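Here is how the chains run, residue by residue.
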Amino acid sequence: MLGLGNSITSGAVSSGGIGSPLELGDLNLYYDFSTTTGSHGATIDTFANAGGSGSDYDLTAHATSSKRPTIDTSTLAKRSASFTNDRFTTDNVYATTGETFTIFYIMKKTSVS
């Protein structure tokens, strides 16, 4: 349960699991850092929102370059973002109705066989 009686497995998600978070339906904000390009340790200056609300909520970098996240190509099987006191802001303020969930999910398997 995620609170308020909602379940992440309700709705259109099949019993076989989630192939992509975009399969969850009404997903307005979605940032997939596995799609980054560049070398390990390079700063991420901006990042596009792949969710339904589009480019109105792209991420923009913190004004101080030392507070920008970096590309990590070694910790997980896929590319990711490394945050250490780093932050992004959105192009526009994202106002919610009080019925919004934030899910931050990372999974690392030791074997995929």
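As shown above, the structure is provided for reference.
Nothing here was measured: the structure is a model prediction, and the numbers come from that model.

Asks: If you had to explain the sheet that holds strand E5 (residues 88-90) to someone new, which residues and values would you point to?
Replies: As summarised here, the arrangement of the 3 strands in space is E1-E2-E5, forming an open sheet in which the pairing is antiparallel. Here the strands that pair on one side only, and so sit at the sheet edges, are strand E1 (46-47) and E5. Of the pairings in the sheet, the one linking strand E2 (residues 59-61) to E5 comprises 3 bridges and is antiparallel in character. The partner of Leu59 across the bridge, within E5, is Thr90.

Asks: Residues and numbers for the pattern of salt bridges, please.
Replies: Under the criterion given, the structure shown has 1 salt bridge. Measuring nitrogen to oxygen at the nearest pair gives 3.1 Å for the salt bridge that ties Arg68 to Asp45. Of this pair, Arg68 sits in the loop between E2 and strand E3 (70-72) while Asp45 sits in the segment before E1, and the two are 23 residues apart along the sequence. By relative accessible area, which is 37% here, Asp45 ends up partly exposed.

Asks: Tell me what's going on with the environment of Tyr94, and back it up with residues and numbers.
Replies: Here Tyr94 lies in the segment after E5. Separated by 38 residues in the primary sequence, Tyr94 and Asp56 have C-alpha atoms spaced 9.1 Å apart. If sequence neighbours within four positions are ignored, Tyr94 has contacts with Asn28, Leu29 and Tyr57.

Cut-offs used in this document
- Residues numbered from 1 in each chain as written.
- Predicted model: local features only at pLDDT ≥ 70, side-chain atom pairs only at ≥ 80, totals over all residues.
- Heavy atoms only, no water.
- Pairing = 2+ DSSP bridges.
- Helix = DSSP H or I, 4+ residues; strand = E, 2+ residues; numbered from the N terminus.
- Salt bridge = Lys/Arg side-chain N within 4 Å of Asp/Glu carboxyl O.
- Buried < 20%, exposed > 50% of the residue type's maximum accessible area, 1.4 Å probe, protein only.
- Contact = heavy atoms within 4.5 Å.

Read these as geometric descriptors, not functional statements.
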